[in-house]
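Structural description and commentary
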Amino acid sequence: MSEQNQIRPVSKGAWFRIVFLVFALVNQLLVVYGKSPLPFSEEQLEQLFSLVWTSVAALIAWWKDNDWTKKARSRTK
């Protein structure tokens, strides 16, 4: 098979978007039928969102502040 005819694999991002879309559609279906889509209070969701947001920000800051690759370490010398 030539290189032009090869089909590239589905990316992880594409799978994530598909799963997220399915969850969103199921959530909408539950709302239409009057069911509670998420068994959490708004306060619990706000706290979870805050925790996730803070954790992601901390990890990004930690990653950016440290030189992990050889290329980055060679530039700081």
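Everything that follows concerns the structure shown earlier in this document.
Before going into details, it helps to say that this report is about the structure given with it. Everything quoted here is computed from the prediction, not taken from an experiment.

A surface patch of nonpolar side chains, about 720 Å² in accessible area, is lined by Leu38, Phe40, Leu45, Leu48, Leu51, Val52, Val56 and Ile60. Mapped onto the fold, phenylalanine 40 is located in the loop between helix H1 (12-32) and helix H2 (42-65). Judged by its relative accessible area of 47%, phenylalanine 40 falls in the partly exposed class.

This part covers the environment of phenylalanine 23. Note that phenylalanine 23 resides in helix H1. Look at phenylalanine 23 and you get exposed, because its relative accessible area is 58%. Here the alpha-carbon distance between phenylalanine 23 and proline 37, two residues 14 residues apart in the chain, equals 10.0 Å.

This next bit is on the packing of aromatic side chains. The geometry of two aromatic rings is summed up by the distance between their centres and the angle between their planes. Under the definition given, this model contains two aromatic pairs. For the pair phenylalanine 16 and phenylalanine 20, a centre-to-centre distance of 6.1 Å together with 20 degrees between the ring planes defines the contact as stacked. Taken as a pair, phenylalanine 16 and phenylalanine 20 lie in helix H1 at a separation of four residues, close to a single helical turn. Phenylalanine 20 shares its class with phenylalanine 16; the two are exposed. Relative to tryptophan 53, the ring of phenylalanine 49 lies with its centre 6.0 Å away and its plane at 25 degrees, an arrangement referred to as stacked.

Reading the values: rules and limits
Every chain is numbered independently, its residues counted from 1 as its sequence is written. Restriction of local features to residues with pLDDT of at least 70 applies here, the model being predicted, together with a cutoff of 80 or more for giving and counting side-chain atom pairs; totals for whole chains, interfaces and linings are based on all residues. Heavy atoms from the whole structure form the basis of all side-chain values; hydrogens and water molecules are not counted. Patch criteria: residues need more than 30% relative accessible area and no salt bridge. Like-charged residues are merged within 9 Å; nonpolar side chains of Val, Leu, Ile, Met, Phe, Trp and Tyr are merged within 5 Å. For every accessible area listed, the method is Shrake-Rupley and the probe measures 1.4 Å; residues are considered covered only by the protein chains on display. We define a salt bridge as a contact between a side-chain nitrogen of Lys or Arg and a carboxyl oxygen of Asp or Glu at a distance within 4 Å. Runs of E in the DSSP output that reach at least two residues are strands. Runs of H or I that reach at least four are helices, and both are numbered from the N terminus. Burial classes: relative accessible area under 20% of the type maximum marks a residue as buried, over 50% as exposed, and values in between as partly exposed (1.4 Å probe, protein chains only). For Phe, Tyr and Trp, rings pair up if their centres lie within 6.5 Å, where Trp contributes its six-membered ring, and each pair is then called stacked (planes under 30 degrees apart), edge-to-face (over 60) or tilted (otherwise).

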